[in-house]
Structure formats: structure tokens, C-alpha cells
Amino acid sequence: MTLPETIPLLGFGWDDLLFLTFAAAMVVAALLVVTMRDIIRCGLAMIIAFAALAGLYVIAGAPVVAAAQVLVYIGAISVLVLFAIMLTQSKIGTRELVFQTQAVPAAIASVLLALLIGLVVVATDWPEAGARIWTDTTELAMRLFDQYVLPFEVVSVLLLAAVIGAVYLAKRDRGEAD
Amino acid sequence: MFSGLDNISQSLEAYLVLSGILFAIGSFGFLARRNAISMLMSIELMLNAVNLAIIAFGAFSLSLNVDASVIALIVIAAAAAEATIGLAIVIAIYRNKKTPLVDEYDAMRQ
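Cut-offs applied
Residues numbered from 1 in each chain as written. Chains lettered and ligands numbered in written order. Predicted model: local features only at pLDDT ≥ 70, side-chain atom pairs only at ≥ 80, totals over all residues. Helix = DSSP H or I, 4+ residues; strand = E, 2+ residues; numbered from the N terminus. Contact = placed C-beta atoms within 7 Å. Rg over C-alpha atoms; globule rule 2.2 N^0.38 Å. Buried ≥ 20, exposed ≤ 12 C-beta atoms within 10 Å, placed from the backbone. Core = buried A, V, L, I, M, F, W, Y, C linked by C-beta atoms within 7 Å. Domains from an automatic or database assignment. Expected span 1.5 Å × (residues − 1). Axes fitted to C-alpha atoms, helices over the stretch in contact; angles between N-to-C directions. Parallel < 35°, antiparallel > 145°, perpendicular 65-115°, else oblique. Nonpolar A, V, L, I, M, F, W, Y, C, P; charged D, E, K, R; others polar. pLDDT = per-residue confidence, 0-100.

(A) Region of the structure containing the overall build of chain A. Within chain A, the secondary structure is distributed over six helices and zero strands. Intrachain contacts of chain A at a sequence separation of at least 6 include 54% that bridge at least 24 residues.

Right, here's the structure in full:
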């Protein structure tokens, strides 16, 4: 059985429906991340936002980046954030104020920023924008390990340094009470 | 009926506007939240917004297509390093000050 070309009743394609679904899920989850009171729920909403973003990468034709997004963000960074939340939160924390005193100016500035970016994007005539292209994974691998092999190695050294630095920063000093 | 949404997944502008909205949400969270870990999560949202813009440019330009994926992968790795160090610093500060709220970190002001 094959799906019809466009969605019945709505009249636009499946890609568009998926794009709108993922976009809505991502924006709602991101808003929940920055507004919810319970920070564990913020972390879980962040996972939803990352997953929706991985779906958007697939629709944009970059499956390798989508896979990396799932592995690194959902698999690693979210778990790291959740563990850090569990290490640093107390029960009293959830009853306190969520926002700083500058929350209202920050909200106004962010809305202005979104409007400005949207205006610039819509007003600009993107000269090279053609049809959507799928990234060829074989060519990506060739490029990554040939032309971009130096940045690749530098990033691996950066990650190693970050891991060692994190262990050094977060380790408990010998003899420290608590 | 939904004529404005026709072929929305085929337009560069839709991805870029979405990325701008996500970046603005992240910047709001970074400016407004009191909890240090919430601020780090907002930074992750902003990094993801930038990644989405990079991927969108790559998806609609033949000369950028493969390079955009390479850049996005490197940004993801750098973001992982940033999250690791940031959370380690938050945990180290929490051990000294016993609070994750950034407006109570005022040792340099006294």
C-alpha cells in the first residue's frame, strides 16, 4: 500500500505536515524549557525539543547530523544535564522564584530579536536557494576524513581536554567534609 | 485552505525563521532564569538554533551541502564539550555556595 501524494482533506504534502508537527513540538517544548518551574521537567522538555530538532534535520536532508543529534544531545548531554540537576537541586529550590528581576525586559528583547530575525530572513532574497538537496553520506565521510581531518582531530583533543577538565573541576577534594 | 503552508518544508525561509524563534527562546531563558542549570539548557537551545540554520543553508545550496553537515557535526561536538565543562563548574560552585541560583553568587562583589 502506498500513501497518496498529498494528505487527504488538507491538500499539502507529507513532508510539510511532518515539518509543521516537528516545528510546533520543538517551539512548544523550548518554551516549556524556559518557563517551567520544576527543573527536572525542564530537562525532559529539552529532550523533546532535541528529538523534534532531529526530525527537522531529517526533513532538511541531513540524516547523519540527525543521528549525531540523537546520540550526542538526547543520549549524552541530556543525561549529563539531568544528573547535574539531581546533584544540585534541593526541595526548597522549586518553591523559590523561577525568574530574575529582569525577566520582563528579557522577554521583550527576545521577542524583538525573533521579530528582527524573521524580518531579515523574509526580506532577504536568498540568491543561491535552490531545491532541497539530500546530503550524500559517502561524500560527507570522504570530506570529513580528508579535507576536514584537522578540525576533526582538534575537536577530539578538545573533547578529551573537556572531559579531563570536568573531572578535575567536579571531583571532591581529599579530606573535604560532606 | 492552507495555501500558505504549501511546500513549507521546501522553503529556506521557514527553517531560518524557526531557527530565529528557537534562538530567541534560548536567549530569553539565558537572561531570565535564576537557576544556573536552566541557563546552561538555554545555551544548548541557542546552539541548536544555530545548527538548524547551518543545516538549512546547506540543504538549499549545492555548494554548501556537505560542508554544512561537517560544520554542524563539529558544532555538536563543541557543544558537548561546553556542556561538560559548564555543568562541572556549576557542580563545583554548588559545593561551595550550596545553591544553584546565580543571583546568590556574589562573592566577587563583596
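(B) Focus on the overall build of chain B. Each helix and strand in chain B was counted, giving three helices and zero strands. For chain B, the sequential pattern of α-helices and β-strands runs α-α-α. For a compact globule of 110 residues, the expected C-alpha radius of gyration is about 13 Å, and chain B comes in at 18 Å, more than 25% above that figure. Taken over the C-alpha atoms alone, chain B extends approximately 55 × 35 × 20 Å along its principal axes. Per-residue burial over chain B gives 58% buried out of 110 residues. In chain B, of all internal contacts separated by at least 6 residues, the share reaching a separation of at least 24 is 51%.

(C) Local environment of the environment of Ala-62 of chain A. You can see Ala-62 of chain A is positioned in the loop between α2 (39–59) and α3 (63–88). Remark: the alpha-carbon pair of Ala-62 of chain A and Ala-107 of chain A, spanning 45 residues in sequence, is separated by 32 Å. With residues up to four places along the chain from it excluded, the contact list for Ala-62 of chain A reads Tyr-57 and Thr-135 of chain A together with Ile-55, Gly-58, Ala-59 and Ser-69 of chain B.

(D) Just the nonpolar core, in detail. Counting residues in hydrophobic clusters, the biggest one holds 80 residues, and the most contacted among them are Val-33 and Ala-49 of chain A together with Leu-22, Leu-52, Ile-55 and Ala-56 of chain B. Elements with a contribution of two residues or more to this core: α1 (14–35), α2, α3, α4 (103–123) and α6 (149–170) of chain A together with α1 (12–32), α2 (36–60) and α3 (65–97) of chain B. Residue-level mapping places this core at the junction of two domains, with at least three residues from each of domain 1 (1–93) and domain 2 (136–178) of chain A. Each residue touching Val-33 of chain A, except ones within four places of it in the same chain, is listed here: Cys-42, Ala-45, Met-46 and Ala-49 of chain A together with Gly-29, Met-41 and Leu-45 of chain B.

(E) The interface of chain A and chain B, seen in detail. Contact residues are listed per partner, giving 80 residues for chain A and 66 residues for chain B. Secondary-structure elements contributing two or more residues to the side of chain A that touches chain B are α1, α2, α3, α4, α5 (137–146) and α6 of chain A.

(F) Broad picture of α3 of chain B. Here α3 of chain B spans 47 Å end to end across 33 residues, near enough to the 48 Å set by a 1.5 Å rise per residue. Just downstream of α3 of chain B, Lys-98 of chain B is the residue with a positive phi angle, here 60°.

(G) Representation of the environment of Ser-110 of chain A within the structure. Relative to the helices and strands, Ser-110 of chain A is located in helix α4. The class of Ser-110 of chain A is buried, set by 22 C-beta atoms lying within 10 Å. If near-sequence neighbours (up to four positions away) are discounted, Ser-110 of chain A is found in contact with Ala-24, Ile-25, Ser-27 and Phe-28 of chain B.

(H) Representation of the packing of α6 of chain A against α3 of chain B within the structure. One can describe the packing of α6 of chain A onto α3 of chain B by two numbers: an axis separation of 9 Å at closest approach and a directional angle of 10°. In terms of their interaxial angle, α6 of chain A and α3 of chain B are classed as roughly parallel. Across the interface between the two elements, Pro-151, Val-155, Leu-158, Leu-159, Ala-162, Val-163, Gly-165, Ala-166, Leu-169 and Ala-170 of chain A of α6 of chain A pack against Ile-74, Ala-77, Ala-78, Ala-80, Ala-81, Thr-84, Ile-85, Ala-88, Ile-89, Ile-91 and Ala-92 of chain B of α3 of chain B. Split into classes, the residues belonging to the contact of α6 of chain A with α3 of chain B amount to 19 nonpolar, two polar and no charged.

(I) Geometry of the packing of α3 of chain A against α2 of chain B. Remark: α3 of chain A packs on α2 of chain B, axes separated minimally by 11 Å, with the N-to-C direction vectors making an angle of 170°. Here α3 of chain A is positioned roughly antiparallel relative to α2 of chain B, judged by the angle of their axes. Residues Val-65, Ile-77, Val-81, Ala-84, Ile-85 and Thr-88 of chain A of α3 of chain A lie in contact with α2 of chain B, whose contacting residues are Ile-37, Met-41, Glu-44 and Ile-55 of chain B. For the contact of α3 of chain A with α2 of chain B, a count of residues per class yields eight nonpolar, one polar and one charged.

(J) A look at the confidence of the model for chain B. Scored by pLDDT, chain B comes out at a mean of 88, with 95% of its residues at no less than 70. This prediction of the complex comes with two scores: 0.89 for pTM and 0.89 for ipTM.

(K) Unusual backbone geometry, seen in detail. All names here are of chain B. The phi angle at Lys-98 is positive, at roughly 60°, despite the residue not being glycine. As for its placement among the helices and strands, Lys-98 is situated in the segment after α3. Overall, Lys-98 belongs to the exposed group, with 11 C-beta atoms counted inside 10 Å.

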